[in-house]
Amino acid sequence: MSKQIFVAVADGSQREWSETEKHLISQSPELIEQLKGWLENSLSDNCWHPENYRLIQSLTKPLISSDLLSTDLDKKIEIPF
């Protein structure tokens, strides 16, 4: 299954991960770290589906306070590609 996760961000298809894949990722800190590293090294390749990018960003960002959360919800997520 994890091979399919990496293929989705390596083959240029920009396939969004399935719900099963997203669940697997969210339950594996090791896989999250691998994907974070992959993201940092391959962002310019334009292989990342925007939802996959958002998922990894949400899983790797430090938790923010609830005061900041309400103002951040209105901001559009910027993807650098």
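In case you missed it, the structure is sitting above this.
Residues numbered from 1 in each chain as written. Predicted model: local features only at pLDDT ≥ 70, side-chain atom pairs only at ≥ 80, totals over all residues. Heavy atoms only, no water.

Caption draft 1: Main features of the overall build of the chain. The number of helices and strands found in the chain is five helices and zero strands. For the chain, the N- to C-terminal ordering of α and β elements is α-α-α-α-α. Per-residue burial for the chain yields a buried fraction of 26% across its 81 residues. The long-range share in the chain, meaning contacts at least 24 apart out of those at least 6 apart in sequence, stands at 56%. Taken as a whole, the chain presents about 5,600 Å² of accessible surface, with 53% of it coming from carbon and sulfur. (Helix = DSSP H or I, 4+ residues; strand = E, 2+ residues; numbered from the N terminus. Buried < 20%, exposed > 50% of the residue type's maximum accessible area, 1.4 Å probe, protein only. Contact = heavy atoms within 4.5 Å. Areas by Shrake-Rupley, 256 points an atom, 1.4 Å probe, with all protein chains shown as cover.)

Caption draft 2: Just helix 3 (residues 29–42), in detail. If you check helix 3, its first and last C-alpha atoms are 20 Å apart, about what 14 residues at 1.5 Å a residue would give, namely 20 Å. Buried residues along helix 3 sit in contact with helix 1 (2–7), helix 2 (19–26) and helix 4 (50–60). (Expected span 1.5 Å × (residues − 1).)

Caption draft 3: Local environment of the side chain of Asn52. Secondary-structure assignment places Asn52 in helix 4. Judged by relative accessible area, which is 0%, Asn52 ranks as buried. The residues contacting Asn52, other than those within four sequence positions of it, are Val9, Arg15, Glu16 and Trp17.

Caption draft 4: Quick look at the pattern of salt bridges. One pass over the full model with this rule turns up four salt bridges. The salt bridge partner of Arg15 is Glu21, with a shortest N-O separation of 2.9 Å. Note that Glu16 and Lys22 form a salt bridge whose closest N and O atoms lie 2.9 Å from each other. Judged by relative accessible area, which is 33%, Glu16 ranks as partly exposed. Overall, Lys22 belongs to the buried group, its relative accessible area being 17%. Connected through salt bridges with shared partners, the residues Glu16, Glu19 and Lys22 form a single ionic network. (Salt bridge = Lys/Arg side-chain N within 4 Å of Asp/Glu carboxyl O.)

Caption draft 5: Representation of the packing of aromatic side chains within the structure. A complete count under the given rule lists two aromatic pairs for this structure. Ring geometry for Phe6 versus Trp38: centroids 5.0 Å apart, planes at 45 degrees, classification tilted. With Phe6 in helix 1 and Trp38 in helix 3, this pair connects stretches of sequence that are 32 residues apart. On the basis of an interplanar angle of 80 degrees and a centroid distance of 5.8 Å, the ring pair of Trp17 and Trp48 is categorised as edge-to-face. Note that Trp17 is positioned in the loop between helix 1 and helix 2 and Trp48 in the loop between helix 3 and helix 4, a separation of 31 residues in sequence. Each member of the pair Trp17 and Trp48 is classed as buried. (Phe/Tyr/Trp six-rings, centres within 6.5 Å; stacked < 30°, edge-to-face > 60°.)

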